[in-house]
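Here are the chains, one letter per residue:
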Amino acid sequence: MIIRFWLLDINYDLVGGIPEIRLWGIDDKGKRVVILERNFRPYVYILPINEQFLKKITEEIDKLRNKYKILEIDVAEKKYFGKILKVLKVTLLNPRNVPRFREDLSKIRGIKEVLEADIRFYMRYMIDNDIYPSAWHDVEVEEVSNKNRWDVDHVYIAKKTPIFVSYENPPDLRIFAFDIECYNVLGEPNPLRDPVIIIATLNKNKEIKIFQARDKDDEELIKNFIKDIKEYDPDIIVGYNSNRFDWPYLRERTKHLKIRLDVSRAGGQPTQSVYGHFSIVGRANIDLFDFAEEINEVKVKTLENIADYLGVKKKNERVLIEGAFIYEYWDKLEKRKILVEYSKDDVESTYGLAEKFLPFAIQLSNIVGLPLDQVGSASVGYRVEWHLMRQAYKFNELIPNRIERPYETYKGAIVLKPKPGIHKNVAVLDFSSMYPNIMIQKNISPDTYVPPYEKIDESKVYIAPEVGHRFLKNPPGFYKKILERLLKARKEIRNKMKKLDPSNIEYRILDERQKALKIIANATYGYCGWSNARWYKREIAEATTAWGRKLIKDTINFAKKIGLEIIYGDTDSIFAYYDKEKIEKLIKYVEKDLGFDIKIDKVYKKVFFTEAKKRYCGLLEDGRIDVVGLEAVRGDWTDLAKEVQEKVIEIILTKENPYDAVEYVRHIIKDFKEGKIPLYKLIIWKSLTKHISEYAVETAHVAAAKQLIQMGYKISKGEKIGFVVCKGGGEKLSSKSKPYILIKDQSEIDEEYYINKQIIPAALRILSYFGIREDNFISTERQSSLLDFFQ
DNA sequence: GCCTTGAAGTTACCG
DNA sequence: ACCGGTAACTTCAAGGCG
């Protein structure tokens, strides 16, 4: 019998000493299925110092046959950085023996490297058989009894290897969102002491359930939660920050209470796995925070902020409770209702985020080949790498080992000095996917790289400007093939989309897919320069940026030649006055002479630069305002300062009247002095980028974090600290900062700081170009004198 | 001993 | 836990100053 199924999750276990891979999925009739594959075996490659050693190594390994249950020792022909060579392929019975086997190999003489010994077994299986997570496959199977009583409709044994069918039309997945609240009177909740007080769940049928503890007794609550999961039997479980908080807390708590957190489809508990995520066998456990993290527009990435930004749930339409005070709402019975509402709002927001993020996550998982539950928690570098590893197998290329190397720097892109002032009618030209296209055009790849000591005819290589790195023109390199495939796939999808209605579900899926393709293509250059990368090669990254610099310089020179004035440029963009004919000429030049795609990304009616690079603002033709790099888009300035700057920018770009802007700023300062600005607009948010003890200087946010720690909060690396600047405490900012949650009275705040170090600098950043100085905001002299100043 | 200055440390941005 | 380039702020210590 042949069935069609969509691969949701994959794991393996040993059954009678034999590895059994389990493919968990949904079939085309909507049944939950698991397919057992018992015929796949782990293996490693052994690269000899030279071919003469092959025989000797084989003999030595043969002695280990029984110890490691070695099944086969074969000679295989593989490519390693493009060179064909003979390696040994040693197949074992048990994946768990691989690490020790590898260690023993280090004692054998004649072995240069052991390769691909660190590829996880089920990943190996998918790669070798061209099986993709989050996609449909056909497989010949035979049904067997569900003797372990797993939560599936059918258990099958694979008769043949599944065959990939399509990534389109994902099945109707059962999504389940949850959110827990814990008792926390002493700061951070402690699972050995503090109960879970509320768990809210929401499934695709829009059923919200609220489980509450009986005062401080959470045993039944947790049991009911587990029962709820089992009853609904979700395919996907989503939470917000659940890998860092909810699951570890529940694991600890249930261990303490001696309850089994039995939520998987195979009767097991969530277990911590690769990239710090929690794996739930047979389902995809997804922490939506991983995807929220990539939304740069939202600076403080709390659930309510992200949900608000994405229009999932507006902040003014929900209950907001400061996390630290949850216990109060539990203790005071009359306030409990509010806490219940709060957790309802949270779980609804979480579910809403899942609807926003899952289509992208599914496509990304499919493209890079990582299971859906892992793709979010894997960093960009690993996502790119898994994508490369899959392709490597197809090209018969060996996967290099990850090695520790010293950190090296190299020169990057060019940023032009902007021409300060307001410019009208400016076009922004962008190279499309500049780095990927450079790598394609110049065949930049680890396997085409020609080291300096190698003699070669100059006509056979591309030579990078400035740095002189050489790359073979032929054959096409590893990166070239991969990037071409990615860009081509993206182009095809975008063409397909043009024929579809944007409201169509299919359109949405294709759009998410093309986004994922773009992200992976663009990150591949950065990956090459990542010292942890398997395919790291500084020369590749270095040559790519060198060609990039040449490309933009050539473009600028041509622009100058035809009399097109360039106002600014950064890496792969050029700002020029919008002279239609000349711009078209320039675009043609780039296409014909340089062989790259460049297009008008946008046209500014007005754009304003100061002396600084990477900071500007512009008025678009449709009336929208772009702010780039300036304080208004930075997360470490107060909302107060950001709003001031935004408004100043608006006045400058629309009215072009600095006098109006000064007037406005003076008005804000007045409001502020009268206490009309709410406290939240005075909070400064800064991340702790390292452990608190590692800081060399006492900064304001470190000082604030220390106060929180003293109060019993657990503050970890990566967390955002919100603090305000208070009066007294001395000169240093660090001695005046205080976590905002500790502020009882707004009179504590240091007015002077907010005026002189927030409002005024943010305004002056724009206005000083027009001759405005600090005292224009503060002096009591009449506005008319200012007016005189401009005349 | 106080003030100035600049290097170093730090964060968050751009592309 | 992808890269380098950049701005801007604060802290801290050295240097100026008879």
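Everything below is about the structure shown above.
Everything numeric here is computed off the predicted structure, so don't read it as measured data.

Trainee: Pulling in residues and values, what's your account of the overall build of chain A?
Mentor: From N to C terminus, chain A includes 22 helices and 29 strands. Relative to the compact-globule value of 28 Å for 791 residues, chain A shows a C-alpha radius of gyration of 30 Å, a close match. For chain A, the spread of C-alpha atoms along the three principal axes comes to 95 × 80 × 55 Å. Within chain A, buried positions represent 54% of all 791 residues. Taking as baseline every contact in chain A between residues at least 6 positions apart, the subset at least 24 positions apart corresponds to 67%. As displayed, chain A offers around 36200 Å² of accessible surface, 49% of which is attributable to carbon and sulfur atoms. Between the mean site of the 133 positive side-chain charges and the mean site of the 120 negative ones, chain A shows a separation of 4 Å.

Trainee: Tell me about the protein's contact with DNA strand B, and name the residues and values.
Mentor: Lining the immediate surroundings of DNA strand B are 21 residues, of which Asp 572, Lys 614, Thr 689, Lys 690 and Tyr 695 lie closest. The sugar-phosphate backbone supplies 91% of the atoms of DNA strand B found within 4 Å of the protein. Between Gly 635 and DNA strand B, the recorded distance is 2.8 Å, taken from a backbone N or O atom to a phosphate oxygen. Thr 689 is positioned with one of its side-chain polar atoms (N or O) 2.3 Å from a phosphate oxygen of DNA strand B.

Trainee: Account for the pattern of salt bridges, with residues named and values stated.
Mentor: Taken as a whole and assessed by the stated rule, the structure comprises 73 salt bridges. The salt bridge partner of Asp 194 is Arg 193, with a shortest N-O separation of 2.8 Å. Overall, Arg 193 belongs to the partly exposed group, its relative accessible area being 39%. Between Glu 220 and Arg 214 there is a salt bridge, with the nearest N and O atoms lying 3.2 Å from each other. Here Glu 220 falls in the partly exposed class, since its relative accessible area comes to 42%. Judged by relative accessible area, which is 57%, Arg 214 ranks as exposed. When salt bridges that share partners are traced, they join Arg 32, Asp 151, Arg 174, Lys 230, Asp 233, Asp 235, Asp 262, Arg 265 and Arg 283 into one network.

Trainee: Can you explain the protein's contact with DNA strand C? Please cite residues and give values.
Mentor: The environment of DNA strand C is formed by 28 residues, the closest being Ser 379, Gly 412, Lys 613, Ser 734 and Arg 765. Sugar and phosphate atoms form 90% of the subset of DNA strand C atoms that lie within 4 Å of the protein. Contact distances for DNA strand C include 3.3 Å between a sugar or linking oxygen and a backbone N or O atom of Tyr 410. One of the side-chain nitrogen or oxygen atoms of Lys 732 is found 3.3 Å away from a phosphate oxygen of DNA strand C. Elements with a contribution of two residues or more to the surface near DNA strand C: helix H11 (380-394) and helix H14 (505-528). Among the residues making up the surface near DNA strand C, the classes are represented as 13 nonpolar, 7 polar and 8 charged.

Trainee: Explain the side chain of Ser 573 to me, using residue names and the numbers behind them.
Mentor: Relative to the elements of secondary structure, Ser 573 occurs in strand E23 (residues 573-577). Ignoring any residue separated from it by four or fewer positions in sequence, one finds Ser 573 in contact with Val 428, Leu 429, Asp 430, Ile 552 and Tyr 568.

Trainee: How would you explain the packing of helix H9 (residues 333-368) against H14 if you had to name every residue and give the values?
Mentor: Closest axis-to-axis distance for the H9/H14 pair is 8 Å, and the angle between their directions is 55°. Comparing their axes, H14 and H9 come out oblique. Every pair of crossing elements has a handedness; the one defined by H9 and H14 is right-handed. Along its contact with H9, which presents Glu 355, Lys 356, Pro 359, Phe 360, Gln 363, Leu 364, Asn 366, Ile 367 and Val 368, the element H14 presents Arg 508, Ile 509, Glu 512, Arg 513, Lys 515, Ala 516, Leu 517, Ile 519 and Ile 520. A class-by-class count of the residues in the contact of H9 with H14 yields 10 nonpolar, 2 polar and 6 charged.

Trainee: Describe the environment of Glu 408, and please don't skip the residues or the numbers.
Mentor: Position of Glu 408 among the secondary structure elements: in the loop between H11 and strand E18 (421-431). Take Glu 408: its relative accessible area is 31%, and that puts it in the partly exposed class. Put simply, Glu 408 and Ser 531 are 123 residues apart on the chain and 7.9 Å apart in space, counted from C-alpha to C-alpha. Setting aside residues no more than four positions away along its own chain, Glu 408 makes contact with Tyr 536 and Arg 538. Reaching out from Glu 408, the side chain makes a polar contact with the side chain of Arg 538 at a distance of 2.9 Å.

Trainee: Talk me through the packing of aromatic side chains; I want residue IDs and the actual numbers.
Mentor: Applying the stated rule across the entire model yields 40 aromatic pairs. Consider the rings of Phe 395 and Phe 478, whose centres lie 6.1 Å apart with planes at 85°: the pair is edge-to-face. One end of the pair, Phe 395, is in the loop between H11 and E18; the other, Phe 478, is in helix H13 (residues 478-498), with 83 residues separating them in the sequence. For the pair shown, Phe 395 and Phe 478 are each scored as buried. Aromatic pair Phe 672 and Tyr 754: ring centres 6.1 Å apart, planes at 55°, arrangement tilted. Taken together, the residues span a long stretch of sequence, with Phe 672 in helix H18 (residues 658-673) and Tyr 754 in helix H20 (residues 751-767) at a distance of 82 residues. Aromatic rings pair up to connect Phe 176, Phe 178, Phe 225, Tyr 232 and Trp 247 into one cluster.

Trainee: Give a description of the environment of Lys 301 that names residues and reports values.
Mentor: Secondary-structure assignment places Lys 301 in the loop between helix H6 (289-292) and helix H7 (303-309). Sequence-wise, Lys 301 and Leu 92 are 209 residues apart; in three dimensions their C-alpha atoms are separated by 46 Å. Ignoring any residue separated from it by four or fewer positions in sequence, one finds Lys 301 in contact with Tyr 240, Phe 289, Ala 292, Glu 293, Ile 295 and Ile 306. Within the local environment of Lys 301, its side chain forms a polar contact with the backbone oxygen of Ile 295, the two atoms lying 3.5 Å apart.

Trainee: Please provide a residue-by-residue account of H20, values included.
Mentor: In the structure, H20 departs most strongly from a straight axis at Ile 760, where the bend amounts to approximately 40° and where the proline Pro 761 lies between one and four residues downstream. In terms of burial, H20 is largely enclosed, as 12 of its 17 residues are buried. Capping of H20 at its N-terminal end is provided by Asp 750; its side-chain oxygen lies 3.2 Å from the backbone amide nitrogen of Glu 752.

Trainee: Explain the sheet that holds strand E29 (residues 737-739) residue by residue, including any values.
Mentor: Pairing in this open sheet of 3 strands is antiparallel, and the strands run E27-E28-E29 from one edge to the other. The sheet terminates laterally at strand E27 (684-687) and E29, the two strands that pair on one side only. Going from strand to strand, the sheet's axes swing by 45° on average, the running direction of each strand aside. In this fold helix H19 (residues 700-710) packs onto E27, strand E28 (720-725) and E29, with an angle of close to 45° to the strand it touches most, E29.

About the criteria used
Residues numbered from 1 in each chain as written. Chains lettered and ligands numbered in written order. Predicted model: local features only at pLDDT ≥ 70, side-chain atom pairs only at ≥ 80, totals over all residues. Heavy atoms only, no water. Helix = DSSP H or I, 4+ residues; strand = E, 2+ residues; numbered from the N terminus. Rg over C-alpha atoms; globule rule 2.2 N^0.38 Å. Buried < 20%, exposed > 50% of the residue type's maximum accessible area, 1.4 Å probe, protein only. Contact = heavy atoms within 4.5 Å. Areas by Shrake-Rupley, 256 points an atom, 1.4 Å probe, with all protein chains shown as cover. Lys, Arg positive; Asp, Glu negative; His and termini not counted. Charge placed at Lys NZ, Arg CZ, Asp CG, Glu CD. Near = heavy atom within 4 Å. Polar contact = N/O pair within 3.5 Å; in protein donor to acceptor, adjacent residues only side chain to side chain. Salt bridge = Lys/Arg side-chain N within 4 Å of Asp/Glu carboxyl O. Nonpolar A, V, L, I, M, F, W, Y, C, P; charged D, E, K, R; others polar. Axes fitted to C-alpha atoms, helices over the stretch in contact; angles between N-to-C directions. Parallel < 35°, antiparallel > 145°, perpendicular 65-115°, else oblique. Left-handed = near helix turned anticlockwise from the far one by under 90°. Phe/Tyr/Trp six-rings, centres within 6.5 Å; stacked < 30°, edge-to-face > 60°. Bend = angle between axes of the 7 residues up to and from the residue. Pairing = 2+ DSSP bridges.

All we've got here are geometric facts, nothing functional implied.
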